[in-house]
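Chain by chain, the residues:
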Amino acid sequence: MFDLKGIYCPIATPFIDDKIAYDKLDENLDFWISSKLEGIVVMGSNGEFVSLRESEKEELIQHCCKRIAGKKRVVVGTGSNCFDETLHLCNFSKECGADAVLLVTPFYYKGSMKDDVLEEYFTAVADRSPLPVILYNIPSTTHNTIELDTVYALSKLPNVAGIKDSSGNFVPFSRGLFGPRSDQFAWIQGEDYLCGSALLCGGDGMVSGLSNARVEPYVEMYQAYEQGDTDKIIECQRRINFLYRVIHSCGNGNAAIKAVTELAGRGARYMRQGSMNLTDEQVAVIAQIMAEYEAL
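As a convention, each chain's residues are numbered from 1 in the sequence order in which they are written. In keeping with the predicted nature of the model, local features appear solely for residues at pLDDT of at least 70, side-chain atom pairs appear and are counted solely at 80 or more, and the whole-chain, interface and lining totals rest on all residues. With hydrogens and water set aside, each side-chain value is computed from the structure's full complement of heavy atoms.

Visitor: Residues and numbers for the overall build of the chain, please.
Guide: A count of helices and strands for the chain gives 13 helices and ten strands. A principal-axis box enclosing the C-alpha atoms of the chain has dimensions of 45 × 45 × 35 Å. Residue exposure (1.4 Å probe, protein chains only): buried if accessible area is under 20% of the type maximum, exposed if over 50%, otherwise partly exposed. Looking at the 296 residues of the chain, the share that counts as buried comes to 56%. Note on areas: Shrake-Rupley with a 1.4 Å probe; residue coverage comes only from the protein chains shown. Summed over all atoms, the accessible surface of the chain reaches about 12,600 Å², with 48% contributed by carbon and sulfur. A residue counts as positive if it is Lys or Arg and as negative if it is Asp or Glu; His and the chain ends are not included. To locate a charge, take atom NZ for lysine, CZ for arginine, CG for aspartate or CD for glutamate. One way to put it: in the chain the 28 positive side-chain charges average out to a point 2 Å from where the 40 negative ones average out. Secondary structure counts use DSSP, requiring at least four H or I residues in a row for a helix and at least two E residues in a row for a strand, with both numbered from the N terminus.

Laid out in structure tokens, this is it:
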């Protein structure tokens, strides 16, 4: 079973002229390989998986797995509204050398994925996937929530490794941490404001899109957690809270994070959906926030 613990970065997919900029991607991948991350997530929300063609998804998975080549763990976001495509991407990820898959709930049909439907769906994928499955709860974008009782039921499946919870609702997450826990099942926080709280309550790690901007406070926070240093965890969370200002500055988290990678010289600000691109003025505001962050 996949031991899902530590810090994972869901990497941004850089685009230039509407094509994946593999040179920029490689700069980011090399940066993550040299970091103290446990691994990366390819085609998470920050990777704009919903805007990629299937051929681009395959090319991206293959490229990242080859570039990383076992130096870090690779988790691939394979979830889609098409069951056959999801299974195909699970199998393809295995062939390319990935370690696990991240499975978002089906989306678009708001509220149609009831508890029994979601349990059946995740069970069907987990039974057929050649890689361990990580549940991905992000109802703000999918409009379908994986309820706690459903998580409990799925956590008993041998091929389900854990959950990334990006709901921002700490009540069910903390109940899960203090409830009946399986040794094989990890509770991973996906909301940056709650990373410190999750670790202080016994969480297993985090998958943070904002770590694309600065990974150090996340790595230092997890190291502090392993060492039992509560004060350091709180200090790191305060730095993360300040860093979150880049997202509040423009109201578009993915675009803001991509702008920071460009400012760092290892990314591109452009979104696949061009109307979501930030203006030069917005990027200048983000640059000022990052300067203030470095001065902390």
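Visitor: An account of the packing of aromatic side chains is needed here, citing residue identities and associated values.
Guide: Only Phe, Tyr and Trp rings take part, Trp by its six-membered ring, and two of them pair if their centres are within 6.5 Å. Stacked means planes under 30 degrees apart, edge-to-face means over 60, and tilted covers everything else. All chains considered together, the criterion is met by ten aromatic pairs. A ring pair is formed by F173 and W187, whose centres lie 5.8 Å apart and whose planes are at 80 degrees; its orientation type is edge-to-face. In this pair, F173 is assigned in helix α7 (residues 170–178) and W187 in strand β9 (residues 186–189), connecting sequence segments 14 residues apart. Using a relative accessible area of 2% as the deciding quantity, one classes F173 as buried. Ring centres of Y222 and Y225 lie 5.5 Å apart, and the angle between their planes is 50 degrees; on these two criteria the pair is classed as tilted. One end of the pair is Y222 and the other is Y225, both in helix α9 (residues 216–227) and three residues apart, which spans about a single turn. Y225 gets classed as partly exposed once you look at its relative accessible area, which sits at 27%. Three or more aromatic residues link up through ring pairs in this structure, and these residues are F170, F173, F185 and W187. Only Lys NZ and Arg CZ are tested; either one counts as a charge over a ring when it is within 6 Å of the ring centre and within 35 degrees of the ring normal. The side chain of R266 reaches across the aromatic face of F31, ending 4.2 Å from its centre.

Visitor: So, helix α3 (residues 83–96): which residues are in play, and what are the values?
Guide: Between its terminal C-alpha atoms α3 stretches 20 Å, which fits the 20 Å expected from 14 residues at 1.5 Å a residue. Considered for burial, the residues of α3 that qualify are E85, T86, L87, L89, C90, F92, S93 and C96. The contact criterion used throughout is that any non-hydrogen atoms of two residues lie within 4.5 Å. On the buried face of α3, the contacting elements are α2 (54–68), β5 (73–77), β6 (100–104) and α4 (115–128). Looking one or two residues beyond α3, the residue adopting positive phi is G97, at roughly 105 degrees. To estimate the expected span of a helix, count its residues, drop one, and scale the result by 1.5 Å.

Visitor: Tell me about the pairing of β9, and please be specific about residues and values.
Guide: Every second residue of β9 is oriented toward a common face, with A186 and I188 on one face and W187 and Q189 on the other, all of them buried. DSSP-based pairing: two strands are paired if at least 2 bridges between them are found. Pairing between strand β8 (residues 160–165) and β9: four bridges, direction parallel. Counted as the bridge partner of G162 is A186 from β9. Inspection of the sheet shows β9 paired to strand β10 (residues 205–207) by two bridges, in the parallel sense. Counted as the bridge partner of I188 is G205 from β10. Read as a crossover between parallel neighbours, the route from β9 over helix α8 (residues 195–200) to β10 is right-handed. A crossover gets the label right-handed when its path from the first strand over the helix to the second runs clockwise, viewed with the strands pointing away from the viewer.

Visitor: So what's going on with the nonpolar core? Which residues, and what values?
Guide: Generally speaking, nonpolar side chains in soluble globular proteins are found buried as a group. Counting residues in each nonpolar core, the largest one holds 100 residues, and the members touching the most others are I11, L60, L135, W187 and L210. Setting aside its immediate chain neighbours within four residues, I11 contacts L25, L29, W32, I40, V41, V42, N46, G47, C64 and N212. We define the nonpolar core as a collection of buried residues of types Ala, Val, Leu, Ile, Met, Phe, Trp, Tyr and Cys that are connected through side-chain atoms lying within 4.5 Å of one another.

Visitor: Explain empty space enclosed by the protein to me, using residue names and the numbers behind them.
Guide: Using a 1 Å grid laid over the protein atoms alone, points where a 1.4 Å probe fits but cannot get out form a cavity; open sets with protein on both sides within 12 Å along at least 5 of 7 lines form a pocket; any residue with an atom within 4 Å of a point counts as lining. Grid points are joined across faces, edges and corners, and a volume is the space filled by probe spheres set on the points. Here the structure, examined in full by the defined rule, presents two cavities of 30 Å³ or more. Considering only enclosed or pocket space, the largest cavity measures out at about 50 Å³ in volume. All residues other than Ala, Val, Leu, Ile, Met, Phe, Trp, Tyr, Cys, Pro, Asp, Glu, Lys and Arg, Gly among them, are scored as polar; the first ten of these are nonpolar and the last four charged. The residue inventory of the lining of the largest cavity, partitioned by class, reads eight nonpolar, no polar and one charged. M43, G44, F49, G77, T78, G79, L102, V104 and Y136 are the residues that line the second largest cavity.

Visitor: Kindly report on the packing of helix α1 (residues 22–33) against α2, identifying the contributing residues and their values.
Guide: Two elements in contact, α1 and α2, have axes separated by 10 Å at closest approach and are oriented at 40 degrees. By the criterion of interaxial angle, the relationship of α1 to α2 is oblique. As α1 packs across α2, the resulting crossing turns out to be right-handed. Across the interface between the two elements, Y22, L25, D26, L29, D30 and I33 of α1 pack against E56, E59, L60, H63, C64, R67 and I68 of α2. Classifying every residue of the contact of α1 with α2 by side-chain character gives seven nonpolar, one polar and five charged. Between the N-to-C directions of two axes lies an angle of 0 to 180 degrees, each axis being a line fitted to C-alpha atoms and, for a helix, fitted only over the stretch in contact. Roughly parallel here means an angle under 35 degrees, roughly antiparallel means over 145, roughly perpendicular means 65 to 115, and every remaining angle is called oblique. We call a crossing left-handed when the near helix sits turned anticlockwise from the far one by less than a right angle, and right-handed when that turn is clockwise.

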